[in-house]
Structures are given as C-alpha cells and as structure tokens.
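# What the coordinates show
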Amino acid sequence: MDAHDYLSQAYRIRQRIAVQRMRVQEMTDLAYGITAVGMEPGVSGGTVAADAPYTNTVVRLLEYRDELDDELNRLIDLSREVDMVLSRVEDTDMRLVLTYKYLYDMPNTRIAKELFVSEGTVRRWAQEGLEHVKVPGSA
C-alpha cells in the first residue's frame, strides 16, 4: 500500500467512527430506556419471577453495545495511527496540506484559500508530502 492509498482511508475511518459512536449511543439508550411497567421482579402464575421481564433483552443490548464499542476503539486506534504518521512529516506546510486533503477531504481549491497559496503549490506540497509519509508495515 502506498502513502496515497494509506492516507485515503483516513477520512472514511473518521466517518465510520462517527457512525459507530451513534450506534453505541443508540444501544445504550435502548438498554437503559427499558423501564417502567414490568421491569421489576414480580409474581408470575403465583410464583416470584427470578428476573424482571426484558432482562434478557437488556443484557443482549448491552453485549451488542460492548461489541460496537470494541469496534469503535479499533477505529480510533487506526485514526490515531494515521495522525501519528502525518505528525512525522517534518515540513509544516506539507503536513497541513496532507491533513486537510486526507483527514478532512478538502479540495485543493479550498486548501489553497486556507493557506493563501496557489493550487499548484498545494498539489506540489501534497505530492512531496506523500513522499515523506512512512506507511506502517511497509519496507
């Protein structure tokens, strides 16, 4: 995998983190939102029930939330790795261009406006910056 391919995943990783956070929150809300009628242990057919109704559902929701949370942590670790790779690009301008381009999916025209340089300079810095990116696991 070359530097461009490696960094191209960064924006999607951040999008996946946002979606994963929403899913974790949704499972948490569902699990803790089951309240009121029928939640307390009660009498069922003349005997005391061992668990409140919906206990199994809450347990499954929390287990699923934990699985989603594990995936979220994996994505965060990947994002942290990309940040570390970019932080090792010594030239500040090149690092900024690569960050805007790959982490925030900014087009070259907008990057040029942000940095008060020409689009040609942005393209050059991006190309030169990619040459300084050390992809983890590559020779």
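Being a predicted model, the structure only gives us computed values, none of them experimental.

### Describing helix H4 (residues 108-115)
Within H4, the full set of buried residues consists of Asn108, Ile111, Ala112 and Leu115. One side of H4 carries all its buried residues, which in axial view fall inside an arc of 100 degrees. Along its buried surface, H4 packs onto helix H3 (92-103) and helix H5 (119-131). Looking one or two residues past H4, Phe116 carries a phi angle of roughly 55 degrees, positive in sign.

### Section: unusual backbone geometry
For Asp105, which is not glycine, the phi dihedral falls at a positive 55 degrees. Considering the arrangement of structural elements, one finds Asp105 in the loop between H3 and H4. Located in the positive-phi region is Phe116, a residue other than glycine, with phi close to 55 degrees. Here Phe116 shows up in the loop between H4 and H5. With a relative accessible area of 77%, Phe116 lands in the exposed category.

### Let's talk about the nonpolar core
The biggest cluster of nonpolar side chains holds 24 residues, and the ones touching the most others in it are Leu7, Val82, Val97, Leu98, Ile111 and Val133. Of all the secondary structure elements, the ones that give two or more residues to this core are helix H1 (3-33), helix H2 (55-87), H3, H4 and H5. With six residues, H3 is the single largest residue contributor to this core. Discounting chain neighbours no more than four positions away, the residues touching Val133 are Ala3, Leu7, Val85, Val89 and Leu98. Core analysis: the next-biggest nonpolar cluster, separate from the first, contains ten residues, Met27, Ala31, Val58 and Leu72 among them.

### Some thoughts on the packing of H1 against H3
For the pair H1 and H3, the least separation of the axes is 8 Å and the interaxial angle reads 55 degrees. Considered as vectors, H1 and H3 are oriented oblique to each other. Touching His4, Leu7, Ser8, Ala10, Tyr11 and Arg14 of H1 are Leu98, Tyr102 and Leu103, all from H3. Considering only residue class, the contact of H1 with H3 consists of six nonpolar, two polar and one charged.

Criteria and cut-off values
Residues numbered from 1 in each chain as written. Predicted model: local features only at pLDDT ≥ 70, side-chain atom pairs only at ≥ 80, totals over all residues. Heavy atoms only, no water. Buried < 20%, exposed > 50% of the residue type's maximum accessible area, 1.4 Å probe, protein only. Helix = DSSP H or I, 4+ residues; strand = E, 2+ residues; numbered from the N terminus. Arc of directions from axis to C-beta. Contact = heavy atoms within 4.5 Å. Core = buried A, V, L, I, M, F, W, Y, C linked by side-chain atoms within 4.5 Å. Axes fitted to C-alpha atoms, helices over the stretch in contact; angles between N-to-C directions. Parallel < 35°, antiparallel > 145°, perpendicular 65-115°, else oblique. Nonpolar A, V, L, I, M, F, W, Y, C, P; charged D, E, K, R; others polar.

The values reported here are purely geometric and, on their own, carry no functional implication.
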